[in-house]
Amino acid sequence: MDYFLGLDCSTQSFTGILIDFQQKKTIFSHSINFDVNLPQYGTQHGVYTSDDGKVVHSNPLMWVEALELLFTIFLQEDLPLNDIKLITGSGQQHGTVYLNKSFESTLKNLNKEKTLVSQIKGAFSRETSPVWMDFSTTKECEEIRNQLGGLKSTIQITGSNTFERFSGPQIRKFYKDNYDYYAQTSVIHLVSSFLSSILLGKNSPIEHSDGAGMNLMNIRTKEWDNRALNSTAPELKKKLPPLTSPLSIIGKIAPFFVDRYGFSSETLLIPWSGDNPSSLIGVGLTGKGKAAISLGTSDTYFTYLKDLSVDLSGEGHVFGAPTGDYMGLICYKNGSLAREKVKDSFNLNWTDFSNILAKTPPGNYGKIMLPYFSPEIVPLVSKPKVHRFGFDDTDLEGNVRAVIEAQFLSMKIHSEWTQEPPEEIYATGGASTNLAILKIAANIFKTKILQFEATNSAALGAALRSAKSYYNSKNQSFDWTELVEGFLKKEESVIIYPDKKYELLYNDMLTIYQKYEDHILRNGEDPELSRQNFIKKYFKNKRDKQS
Ligand code: XUL
């Protein structure tokens, strides 16, 4: 029996998906929600946020406890853990975990009678981990960028501009503000390589796809870049694990998991990756001409890139792909939490929310929102503020449609650098179950959208990466597309087609939206007149017009 396990440690939850490769099916899938299932850690939406919203950390012990809880559930469910051939996982990207010199010896001497958490809690040189939502390193971003010779050269070296959430600026801030603790740190892991190390029983390498989100790896050579390391913090190379390719087998599962949970001692491991690179596989983006939108705590838009092509404007990122190629990505902080804010401010549930989307017209009577409920990554907005044009915060229907239209208008505008417009877009993440939301996305992108049954494409991607690596090692190579398609069942997916009749309207709205970004963020001209003309053009019937 060829079973493979894919895990995913995301912002708000920890998921496991067990697949039966021969039967091409998922045999078990379960998620641990941090706030609900591990309330003792006191997180909100999986994180701790400072009053000004800029410092956002999480608790690495909580992630380990979630892993233990998940494995305990596997035991209770009597899953065939002994038949799992290979395991890997994915983690929220960019977050860093700081460990002292006892980490590796603790992992090597784990006692199966005790919990993991109780044994490794003394191994951290920093109790909490900054995660991708952290926005507190603007100064460090500037310092590193200057050291690297400015915007373009930073992008050419690392694949991205310096970003507040990226690991390099985060490490620099820790070194500057907490030098003693930095000095006591023997190894700095990503969320992915930290959890990979736990399963391996010693320090795991960082794989190229996730390593690309650090501003420390050279995007061309896929090695640590000395210029970037030196611009970030002293003695950094000694504290980073080595880099490795995505499918390389790094060893077997540690005896602790064999003795305590009944995994086979022959279970192989490959390094964990980032959630977005793993989703790239989980939604089947293994060729050109397709893109994916992942609607989770963060909203991301990403594409597979055969060749390296960077975004010199500095908004987008190029990461590695688990296929060994590249992926282009843009990331929004105002994803599900912004949608939830609007929903909750009017005491709605998701059904009410979708009903409102279904009954309000495309173009929203010219009501436009710039939804910066929290600082935004794309476009860069450091001071949160929600801007509304043509309505206010009491307008229930106006707000519901405006937040969704804004999210996809922005995504369409800022994703243009990645490639030719995609022929189809695959949707994943919690909000991808909402057809009313996907309908708006299809109309704005003017592209059909495929909705798959599995909403956790990162964990599914991890299970599929496991299978690919395992069969490679047996000289039984499967083509990526063939491997993934058996699981995605594209033919059973729901397809949402764009409505041709709204093409012109959304073209006009995109232009106006872009002008509003320009007006608010770069002191551009006030586009109020264009907005009024838009209302006249599309909502001239008095009954339709609301503002
Ligand atoms: C991507 C990013 C987020 C996190 C959390 O650059 O910051 O998507 O990976 O999911």
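Reading the values: the criteria
- Residues numbered from 1 in each chain as written.
- Predicted model: local features only at pLDDT ≥ 70, side-chain atom pairs only at ≥ 80, totals over all residues.
- Heavy atoms only, no water.
- Domains from an automatic or database assignment.
- Contact = heavy atoms within 4.5 Å.
- Buried area = accessible area lost by both parts, 1.4 Å probe.
- Polar contact = N/O pair within 3.5 Å; in protein donor to acceptor, adjacent residues only side chain to side chain.
- Helix = DSSP H or I, 4+ residues; strand = E, 2+ residues; numbered from the N terminus.
- Nonpolar A, V, L, I, M, F, W, Y, C, P; charged D, E, K, R; others polar.
- Axes fitted to C-alpha atoms, helices over the stretch in contact; angles between N-to-C directions.
- Pairing = 2+ DSSP bridges.
- Phe/Tyr/Trp six-rings, centres within 6.5 Å; stacked < 30°, edge-to-face > 60°.
- Buried < 20%, exposed > 50% of the residue type's maximum accessible area, 1.4 Å probe, protein only.

**Student:** Which residues make up the domain arrangement of the protein chain, and what values go with them?
**Tutor:** The domain boundaries assigned to the protein chain delineate domain 1 (3-276) and domain 2 (332-449 + 468-538). Each partner contributes to the interface: domain 1 provides 22 residues, whereas domain 2 provides 23 residues. Both sides of the domain 1 and domain 2 interface together cover about 1,800 Å² of buried area, and 75% of this is carbon and sulfur. Considering only the surface of domain 1 that becomes buried against domain 2, Phe21, Lys24 and Phe135 emerge as the three largest contributors, covering 33% of it. Remark: the boundary between domain 1 and domain 2 carries three residue pairs in polar contact (both at pLDDT 80 or more). Secondary structure elements with two or more residues in the side of domain 1 that touches domain 2: β2 (13-20) and β6 (84-91). Of the residues belonging to the side of domain 1 that touches domain 2, the class tally is 12 nonpolar, three polar and seven charged.

**Student:** Mind laying out the packing of helix α16 (residues 350-359) against helix α18 (residues 435-445), listing which residues take part and the relevant values?
**Tutor:** Relative to each other, α16 and α18 sit at 35 degrees, their axes nearing to 8 Å. Listed contacts from α18 to Phe353, Ser354 and Leu357 of α16 are Ala436, Ile437 and Ile440. Considering only residue class, the contact of α16 with α18 consists of five nonpolar, one polar and no charged.

**Student:** Account for the sheet that holds strand β22 (residues 448-451), with residues named and values stated.
**Tutor:** Pairing within the open sheet is mixed, and its seven strands lie in the order β17-β18-β16-β15-β21-β22-β23. The sheet is open, and its two edges are formed by β17 (317-320) and β23 (494-496), each paired on a single side. Adjacent strand axes in the sheet meet at a mean angle of 30 degrees when their direction is disregarded. Two elements, β22 and β23, share three bridges in a ladder whose sense is antiparallel. Residue pairing in the sheet places Gln451 in a bridge with Val494 of β23.

**Student:** Could you give me a rundown of the packing of aromatic side chains, with the residues and numbers involved?
**Tutor:** Inspection of the entire model under this criterion finds 31 aromatic pairs. Ring centres of Phe103 and Phe194 lie 6.0 Å apart, and the angle between their planes is 25 degrees; this geometry places the pair in the stacked category. Linking Phe103 in helix α3 (residues 102-108) with Phe194 in helix α9 (residues 191-200), this pair joins segments that are 91 residues apart in sequence. Judged by relative accessible area, Phe194 falls into the buried class, the value being 0%.

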